[in-house]
Amino acid sequence: MSLVLLPNTYGAIATSLLVEVTLHTIIQGSLDRIVSGGRQDFMSAMTNVSSSNMSFRYGAAAAPWTHMVAARYDRLKYPVSSVLTPVVRANSGSGMADVAGSFDYDIGFDYFAAGRGQDMVFTADTPRTVDVAAELRLNHTSGDALSKQISKLYVSNAFSFGVEPEFIDEPTWQEMSDGGKTFKPLHGWMSYPVVADLTVTWRDVTRAKVAEFMAIKHLLRWPLFLYDDEAAIFPWKLEHVLVSTYSVECSSPDFATVTVTFLRLEHYR
Amino acid sequence: MFRIITNSFFENCGQAVMTSGGSFIDFDNNKTLNLTDGPRHLYYTSATTGDRRFLYKSTNAPQTYDAVVVVNADLHNGRDVSIRDTDNIGDNTRFSEASFAQTLVGPTAKDFVYLATTPHENVTRVEFRLNSSYIKTIHQVYAGKSVAVAQVLGYSRTPVSRLTKVFIGRQMYQIQERITIDVEGVSDELMQEIASLPRIRKSPFFIYDPTGQWFSEKLFHVVMENNPISKRFNNLNDLSFSFLVLRYER
């Protein structure tokens, strides 16, 4: 698969968001922090969890999705003696059931040269089409209690332009002077710390794909993820970004050139 | 090809009224002018659930029109909707659906366009009729003679900040994006036709791509940003329209 955009499809339409520990609902106050926002925002539980399961669940109107992204998944694994097994589940109308797919751990830009990224992506084996709920369940099997912290949980319907992006040279993120700045998205109200930018061009994009791209909910308001599952463009596979701006240039009714400028969000230890 | 649709019928006839069918409505008539112009969030609401007929009445010479645009027509889904007019022959029903279920257009797929195959001439009255029993919230209803612009070379689209706004006269408009459309080889006659569109620089209007040849959304509610004319030769003009699309929510 080529480079895809992973917006928080379920987050934009969710009718409920629950975090459960052994099926007892906990924490309501800070759940919005895992729907959108910067990497410095966390959902944080009052106490650690031991010997129990823990679920983050979105409830939404039936909507398609293909990926689940957990930002700062590394924080869920503290202390390191914790052993947890993630399971992705979904409800297509007859109750929650496991979703077949693959996990991609320790990816994302290695900002601190720690040798691994901070995020996790789950890819469903087949696109989900009629789910009304999707959840990430963490089965805590042994070890110390979990820290129960996570920055973002996205349930995404991946968007691809249908063509590979065009890079004349190796794509290079331009780091900002003085370590970064804050940026307020064109259609948003909240400012985000950002540290670098990258402009990507896709050529010969069909009219339908242009419309699909522009219809992504909160495209110019919420951060999204760039996922390169084959590490063909980004060795670290995943970028957590804002769309700064874009342009659509069209000199033929059928094909357009789409240029998007992405801003990399500030990372934290 | 795309079409420019202004509210030319209203601008040339000058009278917009709301009736219940038989009689002039005065108890909820005070916002009728919201339907003739202005930003998309302005509307009219009926005080009762009875029938409403929104009329453009010509007190001047008869008019020609070929397009009616209804903003936020999704508010009338499942209702009895019709478009009628009166010409020098008599009354005509141009569109009628007892349970409105048309495919809507625009970036949020909420607007309805009626486009006649040939313009309706000698018309003294255009009527947007809502017959079902419900409180009727109606946004802009435009009736006008559209101008077709062919020889489109291409376009570009860029988003703008949600804080971007323009003032036209005393009215502020929030802007969603900028669309630039390049056109070549436009005749002087068409140039004159575009220039003479009523209030083209003073009011919002629509650009409509009926077949979705260039834009999947087909319809945009816009204001003009620039003066697009550049003359190449006699009777041959190149245009670069810059439209500012009025704010819409996804």
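Conventions adopted
- Residues numbered from 1 in each chain as written.
- Chains lettered and ligands numbered in written order.
- Predicted model: local features only at pLDDT ≥ 70, side-chain atom pairs only at ≥ 80, totals over all residues.
- Heavy atoms only, no water.
- Buried < 20%, exposed > 50% of the residue type's maximum accessible area, 1.4 Å probe, protein only.
- Helix = DSSP H or I, 4+ residues; strand = E, 2+ residues; numbered from the N terminus.
- Arc of directions from axis to C-beta.
- Contact = heavy atoms within 4.5 Å.
- Buried area = accessible area lost by both parts, 1.4 Å probe.
- Salt bridge = Lys/Arg side-chain N within 4 Å of Asp/Glu carboxyl O.
- Nonpolar A, V, L, I, M, F, W, Y, C, P; charged D, E, K, R; others polar.
- Pairing = 2+ DSSP bridges.
- Polar contact = N/O pair within 3.5 Å; in protein donor to acceptor, adjacent residues only side chain to side chain.
- Phe/Tyr/Trp six-rings, centres within 6.5 Å; stacked < 30°, edge-to-face > 60°.
- Lys NZ or Arg CZ within 6 Å of the ring centre and 35° of its normal.
- Axes fitted to C-alpha atoms, helices over the stretch in contact; angles between N-to-C directions.

A. Structural context of helix 2 (residues 188-195) of chain B. Residues and elements named next belong to chain B. Among the residues of helix 2, Leu190, Met191 and Ile194 are the ones counted as buried. All buried residues of helix 2 lie within an arc of 105 degrees about the axis, which places them on one face of the element. Residues of helix 2 that are exposed and point more than 90 degrees away from the buried face comprise Glu189, Gln192 and Ala195.

B. Quick look at the interface of chain B and chain A. The interface of chain B with chain A comprises 21 residues on the first partner and 22 residues on the second. For the pair chain B and chain A, the two sides together bury roughly 1,800 Å², of which 54% comes from carbon and sulfur. Counting across the interface, chain B meets chain A through zero salt bridges. Of all the secondary structure elements, the ones that give two or more residues to the side of chain B that touches chain A are strand 13 (152-159) and strand 15 (171-186) of chain B. Counting residues per element, the side of chain B that touches chain A draws most heavily on strand 13 of chain B, at seven residues. Taken together, the residues of the side of chain B that touches chain A sort by class into seven nonpolar, eight polar and six charged. In this structure, strand 18 (residues 238-250) of chain A lies alongside strand 13 of chain B, joined through three bridges in antiparallel fashion. Note on strand 13 of chain B: the bridge partner recorded for Glu249 of chain A is Ser156 of chain B.

C. Structural context of the side chain of Asp66 of chain B. Residues and elements named next belong to chain B. By secondary structure assignment, the location of Asp66 is in strand 5 (residues 63-70). There is a polar contact of 2.8 Å between the side chain of Asp66 and the backbone nitrogen of Ser146. With residues up to four places along the chain from it excluded, the contact list for Asp66 reads Arg3, Tyr114, Leu115, Ala116, Pro119, Gly144, Lys145 and Ser146.

D. View of helix 3 (residues 207-214) of chain A. Of all the residues in helix 3 of chain A, the buried ones are Val210, Phe213 and Met214 of chain A. On an axial view of helix 3 of chain A, the arc spanned by its buried residues comes to 90 degrees, and they lie on one face. Summarising the contacts, the buried residues of helix 3 of chain A are in contact with strand 1 (4-6), strand 16 (192-206), strand 18 and strand 19 (255-265) of chain A together with strand 13 and strand 15 of chain B.

E. Summary view of the packing of aromatic side chains. Overall, the coordinates contain 27 aromatic pairs over all chains when judged by the stated rule. Seen in terms of ring centroids, Tyr154 of chain A and Phe225 of chain A are 5.0 Å apart; in terms of plane orientation they differ by 85 degrees. Their pairing is edge-to-face. Highlighted residues: Tyr154 of chain A in strand 13 (residues 152-156) and Phe225 of chain A in strand 17 (residues 224-227), separated in sequence by 71 residues. Classification of Tyr154 of chain A as buried rests on a relative accessible area of 0%. A relative accessible area of 0% means that Phe225 of chain A is categorised as buried. Centre to centre, the rings of Phe95 of chain B and Phe100 of chain B are 6.2 Å apart; their planes meet at 85 degrees, and the pair counts as edge-to-face. For Phe95 of chain B, a relative accessible area of 11% gives the class buried. Given the relative accessible area of 3%, Phe100 of chain B is considered buried. By the ring-pair criterion, three or more aromatic residues cluster together here, those being Phe159, Phe161, Trp202, Phe213, Tyr246 and Phe262 of chain A. One cation-aromatic arrangement involves Arg75 of chain A over Phe42 of chain A; the distance from NZ or CZ to the ring centre is 5.2 Å. The positively charged end of Arg79 of chain B is found above the aromatic ring belonging to Tyr134 of chain B, 4.0 Å away from the centroid.

F. Fine view of the sheet that holds strand 13 of chain A. Residues and elements named next belong to chain A. Taken in spatial order, the four strands line up as 9-10-6-13 in an open sheet, and their pairing is antiparallel. Looking at strand neighbours, the two that pair on one side only are strand 9 (101-107) and strand 13, the edges of this open sheet. Put simply, the sheet's adjacent strands are angled 15 degrees from each other on average, direction ignored. Inspection of the sheet shows strand 9 paired to strand 10 (residues 119-128) by five bridges, in the antiparallel sense. When the bridges of strand 10 are listed, Phe103 appears paired with Phe122.

G. Structural detail: the pairing of strand 9 (residues 125-130) of chain B. All names here are of chain B. Among the six residues in strand 9, five count as buried, and that is most of the element. Examined bridge by bridge, strand 4 (residues 52-58) and strand 9 share six bridges and lie antiparallel to one another. Within strand 9, the position partnered with Tyr56 by the bridge is Val126. Sheet topology places strand 6 (residues 81-86) next to strand 9; six bridges connect them, and they run antiparallel. What sits directly across from Arg84, in strand 9, is Glu127.

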